[in-house]
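Structure at a glance
Below are the chains, spelled out letter by letter.
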Amino acid sequence: LTEAMTRYIESAESESSLNFLGRMAVKNMLVNALGSHFAVEDWCESRQEVQQEVIERPWVVVGLPRTGTSILSILMGLDPFNRHLMQWEAQNPIPPSSLASVNEDPRVAACTERIGQLNKMNPTLASMHPFGSKLAEECTAVFLYAMRTIGMETIAYTPSYGQWLDNADMAPAYAIHKRLLQALQHAQPSGSWILKSPNHLWCLPELLRAYPDARVIWTHRDPAKLVPSLASLNSAMQIQLTRDFDPGRVGEYWASKVDTAVASAAAFDDSAGDDWCCHVQYQDLIARPEATLEKIYEHFGETVNPVHRRRMASWLNQRPQHSEGIHSYQPGDFGWTSEQLQQRYRQYRDRYKVPTED
């Protein structure tokens with residue numbers, strides 16, 4: 001924990017040109033993460049029964065950012081037998097809310113208020129990523145407790161920290177992650193967890209050591225759309241926090257992160273069995289979400305129950321795509337052409353049969 005935090009602080013201080021708002025954002029992020037880390041450790045350490053909780057056969061969505069991982073995890077969470085980590089739980093996890101108190105937990109309203117303030121400060125974010133206190137949260141929010149996550153790179157330009165993270169031991173991140181799930185599950189007994197984060201692609205061996213029976217889903221999308229979308233999201237996160245904003249630098253930083261993730265995951269894929277994960281194409285997920293869920297469940301020997309099917313149809317009708325606005329971006333915003341990106345990621349596209357996206 002100390003090494004990770006030190007490396008990040010040194011990188012942010014020397015490389016990110018943070019303005020006053022940026023320094024406050026980084027400070028608050030680190031302070032809150034430390035508080036959550038020690039709260040989870042103390043809570044579980046003093047309760048032997050919590051440590052006996054078994055996290056059995058979690059669903060884990062591991063696709064790159066901007067590949068539909070959020071909508072997929074939300075739809076999977078509509079299964080009454082599944083449960084996702086909610087955004088408010090990741091922000092303020094301890095003490096875990098019980099079944100008797102969860103509907104009146106004041107932390108839900110506090111999280112909703114913080115999201116509202118974020119949307120006022122940066123209204124474009126709502127069109128890029130789903131925010132909501134009870135919506136699914138990424139595992140990156142919990143890896144933050146261990147100071148080992150790409151999430152820390154989203155608000156500041158920290159290349160030396162990023163290089164360290166690419167080769168860092170992720171066992172501490174998965175250890176605190178599992179402890180949090182045990183605490184939440186003990187307070188509210190539930191079925192299978194739905195976990196999701198692009199962060200897992202960088203460290204698939206560690207993921208499967210922590211959760212050896214995980215049901216892994218890897219989402220794929222045309223890199224000519226994925227990479228500019230990712231660069232646009234991180235630009236929106238950083239532009240207000242630095243004195244030296246350069247969209248081309250942000251774009252290349254995250255394109256390089258994608259390079260590393262794809263190479264690492266493909267190397268693991270070469271050594272793993274044929275059925276270690278279920279591959280899902282973004283275009284299929286967006287065009288035929290319910291059929292895609294059926295395919296995923298079938299891959300793992302499961303069937304979508306009728307209540308889940310009805311809940312998906314209802315949710316999709318009530319919250320259609322782009323209901324929060326359209327996320328607009330172009331490769332040229334970051335100094336690329338679509339052809340350059342297609343060529344850069346041709347091997348990935350060919351290997352996983354990723355269709356070109358108009």
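Residues numbered from 1 in each chain as written. Predicted model: local features only at pLDDT ≥ 70, side-chain atom pairs only at ≥ 80, totals over all residues. Heavy atoms only, no water.

Quick notes on the pattern of salt bridges
- Within this structure, the stated rule accounts for 19 salt bridges.
- Across the pair R23 and E13 runs a salt bridge whose closest N-O atoms are separated by 3.2 Å. You can see R23 sitting in helix α2 (residues 20-45) and its partner E13 sitting in helix α1 (residues 2-15), a full ten residues away along the chain.
- Exposure remark for R23: the relative accessible area of 44% places this residue in the partly exposed category.
- Of the charged contacts in the structure, one is a salt bridge between E41 and R179, with a shortest N-O distance of 2.8 Å. Residue E41 is located in helix α2, and its partner R179 is located in helix α9 (residues 171-187); the two are separated by 138 residues in the primary sequence.
- It is possible to trace a salt-bridge network through shared partners that takes in E41, E45 and R179. (Salt bridge = Lys/Arg side-chain N within 4 Å of Asp/Glu carboxyl O. Helix = DSSP H or I, 4+ residues; strand = E, 2+ residues; numbered from the N terminus. Buried < 20%, exposed > 50% of the residue type's maximum accessible area, 1.4 Å probe, protein only.)

Examining the nonpolar core
- Residues Y8, L201 and Y211 are the most contacted members of the largest nonpolar core, which totals 80 residues.
- In this structure Y211 touches I55, P58, Y174, H177, K178, L181 and L195, once residues within four positions along its chain are discounted.
- Residues M76, A136, L285 and L293 belong to the second largest nonpolar core, which totals 21 residues. (Core = buried A, V, L, I, M, F, W, Y, C linked by side-chain atoms within 4.5 Å. Contact = heavy atoms within 4.5 Å.)

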